[in-house]
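Single-letter residue listing:
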Amino acid sequence: MANPDDAAREAAQALNRRLRAAERGNYVGMRVVRDPKPRFAFQFRRNAAATLARYTRDPRFTSREGGLTTAELQPIFDEWWKRFEPYRLVGGGAVYEFDGVVRFDMNIDEAAFREIAARERWVLPERLELKFSQPRNPRSIDPALTRYVRVFARQDRRPAIINQALLGGRIILRDGCFRLTEHDEGGEPLVIFGRDVELGLDADGYMVLKNTGSARAAPRIGERMTWGGPQGYSEADPNVKLLRARCGADPIVAVGEPDGAPRIR
């Protein structure tokens, strides 16, 4: 898995600059390939081998054919980011010149996206690829607990990127609303959970958060928990609006899928 050495990299960078100027419109870019030894591949839209041979016979370099230039793909990226952003559909994306596509990481599952796309009459271009989230966990709150809870607020989108600073605090249920105590910011802000978290009971009858993706015991409400963050939320989220309607206008902290402390039985 080693990369080409420094001398090869310097020579490749020099050739890359030359090709960008001389083969504009045909030259796509440079990357490392392993076939099986690491070499620099120079990619062209057409006549790759013959084009590279006009500039070099260096065995450290090879050619690849296909792809599209950034100039051709960027308009697709810009147009569809602009269309998706008002609906909070996309968490990230990029232009992939070598593959000749634009890819977006979507915050919702495919079925939910298709509903919006049909309503908006979107026709996706061939060069646009979408990576969808898994379908949302349909389970939310154990029916036995609904009488104690005003709202179990879960975000309606799955974040594409989650910061990994270790945050923590104690999540409690006060007057039917989930709040955060014993955390760095002080006060008792309201809590909104991740899209797929569910509220249930454990074998000992404690109220717990389930489906958090952790191998540890499900974290109990009232105990100190940890999560990666900080995580954002959107005031356009219907669940945020419901949380405010039922629990007030206090600050909100998004805790995603919290992890509990190890529990000794």
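Here, the structure is the one placed above.
Everything numeric here is computed off the predicted structure, so don't read it as measured data. (Residues numbered from 1 in each chain as written. Predicted model: local features only at pLDDT ≥ 70, side-chain atom pairs only at ≥ 80, totals over all residues. Heavy atoms only, no water.)

A. Fine view of the sheet that holds strand β4 (residues 90-96). The mixed open sheet is built from three strands, whose spatial order is β4-β5-β6. Looking along the sheet, the strands with just one partner apiece sit at the ends: β4 and β6 (128-131). Geometrically, the sheet is characterised by an average inter-axis angle of 20 degrees between neighbouring strands, direction not taken into account. Pairing analysis gives four bridges linking strand β5 (residues 101-106) to β6, with the strands arranged parallel. Bridge assignment links Val102 to a residue of β6, and that residue is Leu128. Packing against the sheet, helix α3 (residues 70-84) makes contact with β4, β5 and β6, and its axis sits at approximately 170 degrees to β4. (Pairing = 2+ DSSP bridges. Helix = DSSP H or I, 4+ residues; strand = E, 2+ residues; numbered from the N terminus. Axes fitted to C-alpha atoms, helices over the stretch in contact; angles between N-to-C directions. Contact = heavy atoms within 4.5 Å.)

B. Quick look at the packing of aromatic side chains. Applying the stated criterion to the full structure yields 17 aromatic pairs. Measuring from ring centre to ring centre gives 5.4 Å for Tyr27 and Phe44, while their planes differ by 50 degrees; the resulting arrangement is tilted. In this pair, Tyr27 sits in strand β1 (residues 27-34) while Phe44 sits in strand β2 (residues 38-44), placing the two residues 17 residues apart along the sequence. According to the relative accessible area criterion, Tyr27 is buried, its value standing at 4%. Classification of Phe44 by relative accessible area gives buried; the value is 0%. The residue whose ring lies beneath Arg83 is Trp80, and the NZ or CZ to ring-centre distance is 4.3 Å. Arg220 extends its terminal NZ or CZ atom over the ring of Tyr206, reaching a point 3.8 Å from the ring centre. (Phe/Tyr/Trp six-rings, centres within 6.5 Å; stacked < 30°, edge-to-face > 60°. Buried < 20%, exposed > 50% of the residue type's maximum accessible area, 1.4 Å probe, protein only. Lys NZ or Arg CZ within 6 Å of the ring centre and 35° of its normal.)

C. Examining the pairing of β2 more closely. Counting buried positions along β2 gives five out of seven residues, so the element sits mostly inside the fold. In the sheet, β1 pairs with β2 via seven bridges, with the strands oriented antiparallel. Residue pairing in the sheet places Arg34 in a bridge with Pro38 of β2. The turn joining β1 and β2, which pair antiparallel and follow one another in sequence, is formed by three residues. Bridge analysis of β2 against strand β3 (residues 61-65) gives five bridges, and the strand direction is parallel. Within β3, the position partnered with Phe42 by the bridge is Ser63.

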